[in-house]
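# Structural characterization, general
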Amino acid sequence: MAFFSKLKDKLFKSSSRLEEGLDAIVEDGGEETTPDPVIPDPEPEPQPVPEVPEPAPVPQPAEPPAPIPADPTPAPPPPEVPDSKGLLGRLFTRNEDRMVVRRTLDDDMLEQLEELLIASDMGVDTALRVTSNIAEGRFGRKLSTQEIKQLLAQEVARVMDPVAKPMPIYPKRPQVVLVVGVNGSGKTTTIGKLASQFKAAGKKVVIAAGDTFRAAAVEQLQVWGDRAGVPVLTAPEGSDPASLAFDALTKAQNEGADLLMIDTAGRLQNRADLMEELAKIVRVIRKVDDTAPHNTLLVLDATTGQNALSQVETFRNLADVSGLVMTKLDGTAKGGVLVALADKFGLPIHAIGVGEQIDDLAPFDPEEFAAALTGLQT
Ligand SMILES: Nc1nc2c(ncn2[C@@H]2O[C@H](COP(=O)(O)OP(=O)(O)OP(=O)(O)O)[C@@H](O)[C@H]2O)c(=O)[nH]1
């Protein structure tokens, strides 16, 4: 399945919530009108087209004229036309028959739209900005759900465009990628997926299991390393993660690896400890390479909704976050939080996770995301 349709399928919960809300807003106070001449209906399913006879060949001047038969057989009847309007005519009639509900864009409608976007986890500031952009120059106009969806998708894509950037790859080898985020956000899974993608792109990847406090976390990372075909360096439970990171970078350097991904603990319960732990990892790896880490990826779980915003605030204070990966966008109705994140922080969004399988990580595409989020048929 093409990734786009998969994303649309998987973001169904977000889009269906928005879609239902938009329908309800337009129907509340809207009135039936003829279909919009500007915005076409989605492409109809392909219909069997009656076969049209081949045009008669144009006679070649060099050829002798065909003899005219004395008693010509009657010309075959023209192909039967199912009804007087033909296929296009019938489609057109169907459109004519189908009325579209439109509602005049006024203060009430804008307020309802704002509320819907806030309920879709876009956050208050972003919801206000998006709705005021939609209203600009359109106040008093009658809009259908489809038109609002298009406008909304346009606005969402506009907010997201500047942050859609793949993780930068530097000539520096090994490039060190520190992966941070709260427990359960999807760090391990994302490291496994990224490792698999970089390996498939011909990169030599090494993973360091830096959450040395949880044996289960290390084991899980080893499982993902095996799946991706990438070595995972571990240290005994309870040992110093900074020391493991140092050893891992030295080894990665000696082995000529392109990329070292370091998993870290995500215990936010004790922020001071976590901050010290992350700072120590950075201090220690800089003894090997004073430009490391080259990327600090913050992994966020979309299902936490607005909580993702405070996680960004927190982790930006703990580490020098350079980019985001948003996981679990499948099956959540909180996908709108990504718009709020982009609008508020402007941090690059490198990738999104849409499932638990190794290939369920995709580059972030703002137009696709906006269409999937708003339920816009493209
Ligand atoms: N549906 C879905 N599940 C995901 C996605 N990414 C991760 N998960 C699941 O989320 C759960 C937690 O993921 P982990 O990768 O273990 O998260 P972590 O941040 O490493 O967690 P700790 O090991 O506790 O620090 C696992 O059950 C994953 O399968 C995603 O994009 N979609």
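A brief look at the structure comes next.

Thresholds, definitions, all that
One numbering rule holds for all chains: residues counted from 1, following each sequence as written. Reporting of local features is limited, given that this is a predicted model, to residues whose pLDDT is at least 70; pairs of side-chain atoms are given and counted only at 80 or more, and all residues count toward the totals for whole chains, interfaces and linings. As a rule here, side-chain values cover all heavy atoms of the structure and leave hydrogens and water aside. Each reported salt bridge corresponds to a side-chain nitrogen of Lys or Arg within 4 Å of a carboxyl oxygen of Asp or Glu. Where helices and strands are cited, they refer to DSSP runs of H or I of at least four residues and of E of at least two residues respectively, numbered from the N terminus. Only protein chains enter the area calculation, which uses a 1.4 Å probe; residues under 20% of their type maximum are buried, those over 50% are exposed, and those in between are partly exposed. Ring pairs shown here join Phe, Tyr and Trp side chains whose ring centres sit within 6.5 Å, with only the six-membered ring taken for Trp; geometry is labelled stacked below 30 degrees between planes, edge-to-face above 60, and tilted in between. Cation placement over rings: the criterion is NZ of Lys or CZ of Arg within 6 Å of the ring centroid and within 35° of the ring normal. Only buried residues count toward a nonpolar core, which is a set of Ala, Val, Leu, Ile, Met, Phe, Trp, Tyr and Cys residues joined through side-chain atoms within 4.5 Å. What counts as a domain boundary in this text is fixed by an automatic or database domain assignment. Throughout, a contact is declared for two residues whenever any of their heavy atoms are within 4.5 Å. With axes taken as lines fitted to C-alpha atoms, and helix axes fitted only over the stretch in contact, angles between N-to-C directions fall between 0 and 180 degrees. An angle below 35 degrees is treated as roughly parallel, one above 145 as roughly antiparallel, one from 65 to 115 as roughly perpendicular, and anything else as oblique. It is the rotation of the near helix from the far one that decides the hand of a crossing: anticlockwise by less than a right angle makes it left-handed, clockwise makes it right-handed. When residues are sorted by character, Ala, Val, Leu, Ile, Met, Phe, Trp, Tyr, Cys and Pro go into the nonpolar class, Asp, Glu, Lys and Arg into the charged class, and all the rest, Gly among them, into the polar class. Residues are counted as near a molecule or strand when any one of their heavy atoms sits within 4 Å of it. In protein, a polar contact requires one atom able to donate a hydrogen and another able to accept it; more generally it is a pair of N or O atoms within 3.5 Å, and residues adjacent in sequence count only if both atoms are side-chain atoms. Accessible areas in this description were obtained via Shrake-Rupley with a 1.4 Å probe; residue shielding takes into account the shown protein chains only. Patches here are clusters of residues that have more than 30% relative accessible area and form no salt bridge, with a 9 Å joining cutoff for like charges and a 5 Å cutoff for nonpolar side chains (Val, Leu, Ile, Met, Phe, Trp, Tyr). A residue counts as positive if it is Lys or Arg and as negative if it is Asp or Glu; His and the chain ends are not included. Charge placement uses NZ in Lys and CZ in Arg. For Asp and Glu, CG and CD serve respectively. Only when DSSP finds a minimum of two bridges between them are two strands counted as paired. How far a helix is expected to stretch is found by multiplying one less than its residue total by 1.5 Å.

### Some remarks on the pattern of salt bridges
The final tally for this structure, using the stated rule, is 14 salt bridges. D301 serves as the salt-bridge partner of K328, at 3.1 Å between the closest nitrogen and oxygen. On the criterion of sequence distance, the pair formed by K328 in the loop between β9 (323-327) and α12 (337-345) and D301 in strand β8 (residues 295-301) is long-range, its members being 27 residues apart. On the basis of relative accessible area, K328 is assigned to the partly exposed category, the value being 31%.

### Things to note about the packing of aromatic side chains
Overall, the coordinates contain one aromatic pair when judged by the stated rule. Geometry around F213 places R267 over its ring, the cationic atom sitting 4.5 Å from the centre.

### Considering the nonpolar core
Of all hydrophobic cores here, the largest spans 81 residues; its most connected members are M160 and L338. In terms of residue count, the dominant contributor to this core is helix α6 (residues 145-160) (eight residues). When residues of this core are sorted by domain, at least three fall in each of domain 1 (7-33 + 82-163) and domain 2 (175-374). In this structure, M160 is in contact with L338, V339, A342, I349, F364, P366 and F369, ignoring residues within four places of it in sequence.

### What to know about the packing of helix α7 (residues 187-200) against helix α8 (residues 215-228)
At their nearest, the axes of α7 and α8 sit 9 Å apart, and the two run at 20° to each other. Classed by the angle they form, the pair α7 and α8 counts as roughly parallel. When the axes of α7 and α8 are compared, the crossing they make is right-handed. Together, T188, T189, I191, G192, K193, A195, S196 and K199 of α7 and Q220, L221, W224 and A228 of α8 make up the contact between the two elements. Here the residues of the contact of α7 with α8 sort into five nonpolar, five polar and two charged.

### Concerning the site of the ligand
In the vicinity of the ligand, 18 residues are found, and the nearest of them are G184, T188, T189, D330 and E356. In this structure, an oxygen atom belonging to the ligand sits 2.9 Å away from a main-chain N or O atom of G186. Between the ligand and the protein, one listed contact pairs an oxygen atom with a side-chain N or O atom of E356 at 2.6 Å. Here the ligand has 650 Å² of accessible area as a free molecule, and 82% of this is covered by the chains. Among the elements that take part in the shell around the ligand, α7 stands out by supplying four residues, more than any other. A per-class count over the shell around the ligand returns two nonpolar, ten polar and six charged.

### Here we look at unusual backbone geometry
Here the amide bond leading from R173 into P174 is cis, since omega sits at -10°, within 30 degrees of zero. For the peptide bond that leads from A292 to P293, omega is -10°, which places it in the cis range. Here P293 lies in the loop between α10 (271-288) and β8. Positive phi outside glycine occurs at D121, with the angle close to 70°.

### A closer look at a negative patch on the surface
Together, D28, D107, D108, E111 and E115 give the surface a local cluster of negative charge. Tracing the backbone through its elements, the reader meets D107 in helix α4 (residues 107-119). The exposure class of D107 is exposed, given its relative accessible area of 54%.

### A few points about the sheet that holds strand β3 (residues 142-144)
Strands belonging to one sheet form pairs held by backbone hydrogen bonds; the direction of such a pair is parallel or antiparallel. Strand order in the open sheet formed by three strands is β1-β2-β3, with antiparallel pairing between adjacent strands. In the strand order of this sheet, the two ends are held by β1 (31-33) and β3, each with one partner. Taking the axes of each pair of neighbouring strands and ignoring which way they run, one obtains an average angle of 50° across the sheet. Two elements, β1 and strand β2 (residues 100-104), share three bridges in a ladder whose sense is antiparallel. Each residue of the ladder has a partner; that of E31, found in β2, is R102. Contacts from α6 reach β2 and β3 within the one sheet, and its direction differs from that of β3 by about 85°.

### Digging into α10
Taking 1.5 Å of rise per residue, the 18 residues of α10 would be expected to cover 26 Å, and the 26 Å separating its terminal C-alpha atoms lies within 8% of that figure. Buried positions along α10 lie against β4 (175-180), α9 (241-254), β7 (259-263) and α11 (307-318).

Such coordinate-based values are descriptive only and should not be taken to indicate function.
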